[in-house]
Amino acid sequence: MTEPTGPLDLTAHLAQADPRVAELVEAEGRRQFEKIRLIPSENYVSRAVLEATATVLTNKYSEGYAHRRYYEGQQLIDEVEDLAVARARSLFGVDHANVQPYSGSPANLAIYLAFLRPGDTFLSLELSHGGHLTHGSPVSATGIWFRPVHYGVDRETGRVDMDQVRDIALRERPKLIFCGGTAIPRLIDFEAFARVANEVGALLVADIAHIAGLVAGGVHPSPVGHAEVISTTTHKTLRGPRGAMLMSTEEHAKAIDKAVFPGLQGGPHNHTTAAIAVALREAATEEFRRYAAQIVANAKALAEALTERGFSLVSGGTDNHLILIDLATREIAGKPAAKALDRAGIELNFNTVPFDPRKPWSPSGIRIGTPAVTTRGMRPEHMAQIAAWMDDAIEAAKKDDGEALDAIAGQVRDFTRAFPIPGWPN
């Protein structure tokens, strides 16, 4: 068997050891290269982050926290975790950071474990208005074990009505208030949420999973100083590996750490911790700040181009990376539109919109975002073409014109050749 040419030759043995998995990896890389990927929770990580996730750190089991482990041989693992924690604290300006949560949902569940008891009331954004499953959906453990009450967005503006938030909080007296979500195209007013939380004596939690990179890059207000606890994933706009972090004031550090371990998890994934550390170092650079600003510029340009083509955008546009589109006026539902666009080489997801008359598995909307296309180097001048392809593909879908969709996919493949992705040959 041929030996790798170096320690970072990530797939040197894969084709020999498991040809089928190697074929699937190759095919997925090709797919990611040839498509315009507009799912707002997806991105392309750097080659350095890719390499960090494929290291011998995956061989080590490390229950506990740095310098307080239950297994020996942690000297270097402790340094990796210390580095990731220090970089998170510095980048976001927080007292405390926990980099061990496996993903965003367990991170949010740790918050409930730390601060609530079964049956306690909390306040969050309604799922169909842009909230998250772990913010109290009835199909989530958070909606089964606790008592969620929800605020929504205004029917006319598509924006959160802070007067409504205050009224509900005064009536229900929640112990915890979530701000943030998964389909919010506008800035989150953390200061206004903090005023409501302080008035009713609730703990304020900011879920910034989608906007963490924009916060780090200085193009979205920070929840620090307003929210006592902050939850985020480490991918999406932050452009790291698939993981999560919890950050808090010093007052809540012990409760957070105890909830993550031993409350919910065993040993952290050390290779992911290392990749998070790499991503946080990248996010502290001036280059990343320019990237964050470019995400927003691209989103605004794409929103404008879609509006010019008659698309109906929830809230009328975007302030961040995300655009939510109501397709009701286009006489097509979100799911068939998403399937058709995928065939046409444009990847996104179907999504509910506020006050959606359709069911979640076949909603009226689609959700798009610009983190991934921005990483590839696409700029505002390219957004009009993307909007045109989306428009053409939806019209083709309504006519069941598969040939037109395939023709668009060919144009998209030609277009994406000019925009490399990390870790993949051009």
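Residues numbered from 1 in each chain as written. Predicted model: local features only at pLDDT ≥ 70, side-chain atom pairs only at ≥ 80, totals over all residues. Heavy atoms only, no water.

Identification of the chain as Serine hydroxymethyltransferase from Actinopolymorpha pittospori is taken from an unreviewed UniProt entry. UniProt's Catalytic activity (unreviewed entry) comment on the chain is quoted here verbatim: "(6R)-5,10-methylene-5,6,7,8-tetrahydrofolate + glycine + H2O = (6S)-5,6,7,8-tetrahydrofolate + L-serine". Under the UniProt heading Subunit (unreviewed entry), the entry covering the chain gives this text: "Homodimer." (UniProt positions renumbered as here; feature names shortened; annotations may be inferred.)

## What about the overall build of the chain?
Helix and strand counts for the chain come out as 16 helices and 15 strands. The C-alpha atoms of the chain give a radius of gyration of 22 Å, which matches the 22 Å a tight globule of 426 residues would have. Across its three principal directions, the C-alpha atoms of the chain cover 65 × 60 × 40 Å. Counted over contacts in the chain with a minimum sequence separation of 6, partners at least 24 positions apart contribute 72%. Of the roughly 18,600 Å² that the chain leaves accessible, carbon and sulfur atoms contribute 51%. (Helix = DSSP H or I, 4+ residues; strand = E, 2+ residues; numbered from the N terminus. Rg over C-alpha atoms; globule rule 2.2 N^0.38 Å. Contact = heavy atoms within 4.5 Å. Areas by Shrake-Rupley, 256 points an atom, 1.4 Å probe, with all protein chains shown as cover.)

## Topic: the UniProt feature "domain: Serine hydroxymethyltransferase-like" (unreviewed entry) in the chain
Residues given the UniProt feature "domain: Serine hydroxymethyltransferase-like" (unreviewed entry) here are residues 14-390. Counted over residues 14-390, helix gives 44% and strand 15%. Its end C-alpha atoms are 37 Å apart.

## Looking at helix H8 (residues 190-200)
Every buried residue belonging to H8 is among Phe190, Ala192, Phe193, Ala194, Val196, Ala197 and Val200, and all of these are buried. Along its buried surface, H8 packs onto strand E6 (147-151), helix H7 (162-172), strand E7 (176-180) and strand E8 (203-207). At the exit of H8 stands Gly201, carrying a positive phi of roughly 70 degrees. (Buried < 20%, exposed > 50% of the residue type's maximum accessible area, 1.4 Å probe, protein only.)

## Brief notes about the side chain of Thr134
Residue position: Thr134 is located in the loop between strand E5 (121-125) and helix H6 (141-145). Among the residues examined, Thr134 registers a relative accessible area of 7% and is labelled buried. Within the structure, the side chain of Thr134 is placed 2.8 Å from the side chain of Asn108, a separation counted as a polar contact. Each residue touching Thr134, except ones within four places of it in the same chain, is listed here: Ser105, Asn108, Tyr112, Ser140 and Thr142. (Polar contact = N/O pair within 3.5 Å; in protein donor to acceptor, adjacent residues only side chain to side chain.)

## A few points about the environment of Glu251
Mapped onto the fold, Glu251 is located in the loop between strand E10 (244-248) and helix H10 (253-264). The exposed category is assigned to Glu251, whose relative accessible area is 67%. Sequence separation of Glu251 and Leu76 is 175 residues, and the distance between their C-alpha atoms is 29 Å.

## Here's the deal with the pattern of salt bridges
Counting across every chain of the model gives 23 salt bridges. With its nearest N and O atoms 2.5 Å apart, the salt bridge here joins Glu347 to Arg31. In this pair, Glu347 sits in strand E13 (residues 346-347) while Arg31 sits in helix H2 (residues 19-34), placing the two residues 316 residues apart along the sequence. Look at Glu347 and you get buried, because its relative accessible area is 6%. Exposure remark for Arg31: the relative accessible area of 26% places this residue in the partly exposed category. A salt bridge links Arg343 to Asp406; its shortest N-O distance comes to 2.8 Å. In this pair, Arg343 sits in helix H13 (residues 334-343) while Asp406 sits in helix H16 (residues 402-416), placing the two residues 63 residues apart along the sequence. Residue classification places Arg343 among the partly exposed residues on the basis of a relative accessible area of 45%. One salt-bridge network, in which partners are shared between bridges, spans Glu28, Arg31, Arg37, Glu42 and Glu347. (Salt bridge = Lys/Arg side-chain N within 4 Å of Asp/Glu carboxyl O.)

## Regarding the packing of helix H15 (residues 380-398) against H16
At a closest axis distance of 9 Å, the pairing of H15 and H16 adopts a crossing angle of 160 degrees. Here H15 lies roughly antiparallel to H16, going by the angle between them. Both H15 and H16 take part in a crossing whose hand is left-handed. In this structure, H15 uses His382, Trp389, Asp392, Ala393 and Ala396 to contact H16, whose residues at the interface are Ala404, Leu405, Ile408, Gln411, Val412 and Phe415. A per-class count over the contact of H15 with H16 returns eight nonpolar, two polar and one charged. (Axes fitted to C-alpha atoms, helices over the stretch in contact; angles between N-to-C directions. Parallel < 35°, antiparallel > 145°, perpendicular 65-115°, else oblique. Left-handed = near helix turned anticlockwise from the far one by under 90°. Nonpolar A, V, L, I, M, F, W, Y, C, P; charged D, E, K, R; others polar.)

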